[in-house]
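One letter stands for each residue in the lines below.
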Amino acid sequence: MTDASSLPLFPHRHLLGIRDLSPADIELLLDRADRAVSISRQSEKKTSTLRGRTQINLFYEASTRTQSSFELAGKRLGADVMNMSVASSSVKKGETLIDTAMTLNAMRPDILIIRHQSAGAAALLAQKVGCSVVNAGDGAHEHPTQALLDALTIRRAKGPLSKLIVAICGDILHSRVARSNIMLLNALGAQVRVVAPSTLLPAGIDRMGVVVSRSMTEGLKNADVVMMLRLQRERMEGAFVPSIREYFRYFGLDAEKLKAAKEDALVMHPGPMNRGVEIASEIADGPQSVIQEQVEMGVAVRMAVMEALLDRRRNQEGRGA
Amino acid sequence: MSVTLFNRAHIVDPSRGVDEIGAVIVDGRRIAAAGKAALNQGAPEGAVVIDCAGKTIIPGLIDARVFIGEPGGEHRETIASASVAAAAGGVTSIVMMPDTNPVIDNVALVEFVLRTARDTASVNIFPAAAITKGLDGREMTEFGLLREAGAVAFTDGRHTIANALVMRRALTYARDFGAVIAHETQDADLASAGVMNEGLYASWLGLSGIPREAELIPLVRDLALARLTGGAYHAAKISTAMAVGAVSRAKADGANVTAGVAIHNLSLNENDVGEYRTFFRLTPPLRAEEDRLTMVEAIKDGTIDIVVSSHDPQDVDTKRLPFADAAAGAIGLETLLGAALRLYHNGDVPLLRLVETLSTAPARLFGLPGGTLKPGAAADLALVDLDEPWIVSESGLRSRSKNTCFEGARLQGKVLQTMVAGRTVFSA
């Protein structure tokens, strides 16, 4: 898509989590993604950098947004993309993840995108296949491309992330997005705050490189970025918080609470949103919201990641020949 | 009957406080002599003489918590295959858990186990029976009849009895029969979907944690009930410093309680889970290093009475899954002694005390023969080279399942020969 030879090679075979990445790796992917944005904005959106390569999307959890983003990214790079829909596959018949991995591996894909409900599933898959693996979300563990697209969105609006104050609000406990973002933002030198009721905070949160706050007004004070997280429906009514209305009252982002943040603070959400639960519609659709940009950056980041991984492979194949 | 003379051996017999160079004479099924005094008696006529210079003889280990797949899970482990693994690990007696299919909750099942053991096992197999029928935590089993049939203890195996009244009555009723209630405590609601120790490490891995309080809360209840009823209670597998504290206080208060720890919780910690290594998914989970160190201290000072393998064979299919989906448990019969000896080699626990927790103490606790080298006792013993290093490899393990936490580990201390009632059941 661009002059890839001018970029340093990405030093990893897989993208399993932000934890494995150095700040330089992250910047490299963001630089690549910046270039990919322009491709998506042309009327001719197709390139040929991944022509002849096979990409398999293996999604154990339904995810319209992430799956279509990966699919589109692959197609814009010219790859052949196959979606493995778990609902109608052998997985439903009791096949284990490893058996599925071995089967797909025998089809010789170049890149496997996996979304799974169990933490560590992407790493397990990566041990068993010969191709590159991208973690598109594994349980409550990591969702690295989400953190990268969030960083790209912020960087394009605010410049370098160092010294920015980012508040991540909501269900931190169950959120892979929160974990990946906490790691990435810390790696790039941002100041990270989390705001949530204590029932939705993981053990040891005070040692995760964040400032913890139980109040939106306090946590959002002078923030440059406000990231809202989705609250799963089954966690709303009595299990972790007493009710939707109580949750919204204290932790839902509305105009009043947003006032605590900087005037030009960005409002982000990884989607899908629960309007009126964690975010008021007027804010989600308001001038500070960059939720649509996040979706656009998602495609660019996934193009960048796949290109970076396959550049490395191509380079190694070249050396091997 | 044949006579064997183990000459010039380092004899460690906690039952008599013996730790000296001497000779052990095995006459037929029994020990005729063991100690310094036997050194210069000369070999009895026709005796097989084994020079044991530099080697150690200990009473055979008594592993008081072993899960076996027979009946119902023979693909994981049978009584026969477990006994071969035990013999190789210097274990001469096994207390077998009732978590089988069907559950060992009636006399016929106890008889089945004893009969199968008599016909196929090379070590002593002692069945423990369920406290409640079907391990469902509600109705008591027939303690009296089960005990008569040969059940040596009562336990609901991997299950924790949630109902305090059921536990109270079990402790009360068991007292009349002199039976020990052995219980693993993990509050099911508090542990919820947890799969490893709750803490920072689990949080970064995105795994649900099991708080230490999930172990402590039912344990404290049980300890109070043991005091109330005067029943004999054994905290079967504790894993936390707070549980050590609770047991210590209960003992100080004069309650009839004892405690055990699984070798994994004594030699590993939560960091060993690494990147989702499912062979380290255990119940109770591996805890923090401070917990482990507190339990090592508790071994030394006697708060914890016994060390068990908690041998729990799981087949590959249930382990080669994402961490949270994998089965819990690890095998341990063959590595129990080697892993425990780390504590001796590190200088953490004296040898005599360590052997006591592995052999003499469990014999005493569950009223089993063995755990001693005193003359007249059954010749259940192990000849060990305490210093010989070896590397654990899956392929060398005799257990039918290979889910070991010690794959590739360097252990020091190798079993050279194991005898059960004077018969050699293993020799290296």
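Residues numbered from 1 in each chain as written. Chains lettered and ligands numbered in written order. Predicted model: local features only at pLDDT ≥ 70, side-chain atom pairs only at ≥ 80, totals over all residues. Heavy atoms only, no water.

As for the sheet that holds strand β14 (residues 257–262) of chain B
Residues and elements named next belong to chain B.
Logical step 1: Read from one edge of the open sheet, five strands run β9-β10-β13-β14-β15, paired in parallel fashion. Edge positions in the sheet fall to β9 (154–155) and β15 (306–308), since each of these pairs with one other strand and no more.
Logical step 2: With three bridges joining them, β14 and β15 adopt parallel strand pairing. Within the sheet, the bridge partner assigned to Gly260 lies in β15 and is Ile306. (Pairing = 2+ DSSP bridges. Helix = DSSP H or I, 4+ residues; strand = E, 2+ residues; numbered from the N terminus.)

Some words on the interface of chain A and chain B
Logical step 1: Taken residue by residue, the interface counts 21 residues in chain A and 14 residues in chain B.
Logical step 2: Contact between chain A and chain B buries roughly 1500 Å² in total, counting both sides, with carbon and sulfur atoms accounting for 67%.
Logical step 3: Interface area lost by chain A to chain B is led by A:Ala119, A:Ala203 and A:Met208, which between them contribute 28%.
Logical step 4: There are zero salt bridges connecting chain A and chain B.
Logical step 5: Counting every contact that joins chain A to chain B gives four residue pairs in polar contact (both at pLDDT 80 or more).
Logical step 6: At three residues, the largest contribution of residues to the side of chain A that touches chain B is made by helix α6 (residues 176–187) of chain A.
Logical step 7: A breakdown of the residues in the side of chain A that touches chain B according to their chemical character gives 11 nonpolar, six polar and four charged. (Contact = heavy atoms within 4.5 Å. Buried area = accessible area lost by both parts, 1.4 Å probe. Salt bridge = Lys/Arg side-chain N within 4 Å of Asp/Glu carboxyl O. Polar contact = N/O pair within 3.5 Å; in protein donor to acceptor, adjacent residues only side chain to side chain. Nonpolar A, V, L, I, M, F, W, Y, C, P; charged D, E, K, R; others polar.)

With respect to the side chain of B:Ser310
Residue and element names in this part refer to chain B.
Logical step 1: Within the secondary structure layout, Ser310 lies in the loop between β15 and α11 (336–345).
Logical step 2: Overall, Ser310 belongs to the buried group, its relative accessible area being 7%.
Logical step 3: Of note is the side chain of Ser310, whose polar atom sits 2.8 Å from the side chain of Lys237.
Logical step 4: Sequence-distant contacts of Ser310, that is, excluding residues within four places in its chain, are made with Asp63, Arg65, Phe67, Lys237, Ala262 and Ala330. (Buried < 20%, exposed > 50% of the residue type's maximum accessible area, 1.4 Å probe, protein only.)

Side note on the packing of helix α1 (residues 23–41) of chain A against helix α5 (residues 144–158) of chain A
Residue and element names in this part refer to chain A.
Logical step 1: The contact between α1 and α5 brings their axes to 10 Å, and the two run at 75 degrees. On the basis of the axis angle, α1 is roughly perpendicular to α5. The segment α1 lies against α5, with Ile26, Glu27, Leu29, Leu30, Asp31, Ala33, Asp34, Val37 and Arg41 engaging Leu148, Ala151, Leu152, Arg155 and Arg156. (Axes fitted to C-alpha atoms, helices over the stretch in contact; angles between N-to-C directions. Parallel < 35°, antiparallel > 145°, perpendicular 65-115°, else oblique.)

Points about the sheet that holds strand β8 (residues 124–127) of chain B
All names here are of chain B.
Logical step 1: Taken together, three strands build an open sheet; the order of strands is β6-β7-β8 and the sheet is parallel. On the outer flanks of this sheet lie β6 (61–66) and β8, each paired with one strand and no other. Here the average twist between neighbouring strands, direction ignored, is 20 degrees.
Logical step 2: By the bridge criterion, four bridges tie strand β7 (residues 91–96) to β8 in an arrangement that is parallel. Bridge pairing links Ile94 to Ile125 in β8.
Logical step 3: Its contacts with the sheet put helix α2 (residues 107–120) on β7 and β8, and the angle it makes with β8 is roughly 175 degrees.

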